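# Summary of the model geometry
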Amino acid sequence: MSAADRIELRGLRVVATHGALPAEHLLPQPFEVDLDVELDLAAAGASDALTDTVDYSQLALAAEAALAGPRADLLEHLAVRVARAAVQVCGPAAVSSVTVALRKLRPPVGTHLSSAGVRIRRTPEQL
C-alpha cells in the first residue's frame, strides 16, 4: 500500500451540544471536522468501481452521526468517536490510519477566536 493513498473529507459541519462548560450543555454550537483515512486505493484506481473503495458519503454520514451522538465534554473524546466510526465504515483490516481534525467554531473563550480544535491520528489497533 502506498502511504500516500487516502480518502479526504473536508469541512463537514455539524451543530451539536458538546463542551465542558454548563452553558455548552444547553446551547448547540457548530463543529467542523476534516477526516483522512489512509488505505490502499490501488484496486479502485485500476477498476473505476465503487465496490473497490470506500463510499465517502458513508464516511461523511458516519462522522456526522458520531458528532451528533451523546454529549461529550472534550473535543479529544469526540475526535476518537469520529475515528472509530470511520474505521467501522471502512473495515479495520483495510485502514492503515485515520486522522481527525475537529474544530469548535465558536469556542466560549473571553477573546475573539475563530476556532479551537484538536487533531488526532490513530491506527485501528489504537481504537
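This structure is a prediction, so every number in the text was calculated from the model and none was measured. (Residues numbered from 1 in each chain as written. Predicted model: local features only at pLDDT ≥ 70, side-chain atom pairs only at ≥ 80, totals over all residues. Heavy atoms only, no water.)

### Section: the overall build of the protein
Operational definition: Numbering of helices and strands starts at the N terminus; helices are DSSP runs of H or I of at least 4 residues and strands are runs of E of at least 2. Remark: exposure states derive from per-residue accessible area (1.4 Å probe, protein chains only) relative to the maximum for the residue type, with buried under 20%, exposed over 50%, and partly exposed in between.
Counting secondary structure elements, the protein contains three helices and four strands. When the helices and strands of the protein are read in sequence order from the N terminus, they spell out β-β-α-α-α-β-β. Taken along its principal axes, the extent of the C-alpha atoms in the protein is 50 × 25 × 20 Å. Counting every position in the protein, which comprises 127 residues, the buried fraction comes to 42%.

### Regarding the sheet that holds strand 1 (residues 6–16)
The following threshold applies: Paired strands, as defined in this entry, are two strands with at least two bridges between them according to DSSP. The axes are straight lines fitted to the C-alpha atoms, using for helices just the contacting stretch, and the angles between their N-to-C directions are given from 0 to 180°.
The four strands are arranged 1-2-3-4 in an open sheet whose pairing can be described as antiparallel. Sheet topology places strand 1 and strand 4 (116–122) at the edges, where each strand pairs with a single neighbour. Each strand of the sheet is rotated relative to its neighbour by a mean of 15°, with strand direction disregarded. Both strand 2 (residues 29–39) and strand 3 (residues 95–104) contribute to a ladder of nine bridges, which runs antiparallel.

### Topic: the nonpolar core
Formally: What is meant by a nonpolar core is a set of buried Ala, Val, Leu, Ile, Met, Phe, Trp, Tyr and Cys residues, joined one to another through side-chain atoms within 4.5 Å. A contact between two residues is defined here by any heavy atoms of the two lying within 4.5 Å.
Counting 33 residues, the largest nonpolar core has L35, V37, L59, V82, V98, V100 and L102 as the members making the most contacts within it. Breaking this core down by element, the ones donating at least two residues are strand 1, strand 2, helix 2 (56–68), helix 3 (75–90), strand 3 and strand 4. The element contributing the most residues to this core is helix 3, with ten residues. Setting aside chain neighbours within four positions, we find L59 in contact with I7, L9, L35, V37, V54, A86, V89 and C90.

### Considering the confidence of the model for the protein
Going by this rule: The pLDDT score gives, residue by residue, the confidence of the prediction method on a 0 to 100 scale.
When pLDDT is averaged across the protein, the result is 95; 98% of the residues are at 70 or more. For the protein, the element scoring lowest by mean pLDDT is helix 1 (residues 42–47), at 96; helix 3 scores highest, at 98.

### Some points on the environment of E8
Counted only if it meets this: Pairs of N or O atoms within 3.5 Å make up the polar contacts considered here, provided that, within protein, one atom can donate a hydrogen while the other can accept it, and that residues adjacent in sequence are counted only when both atoms are side-chain atoms.
Looking at the secondary structure, you find E8 in strand 1. Judged by relative accessible area, E8 falls into the partly exposed class, the value being 45%. Counting along the chain gives 27 residues from E8 to L35, while the straight-line C-alpha distance between them is 5.7 Å. In contact with E8, other than residues within four places in its own chain, are L35 and D36. Within the structure, E8 has its side chain in polar contact with the side chain of R6 (distance 3.1 Å).

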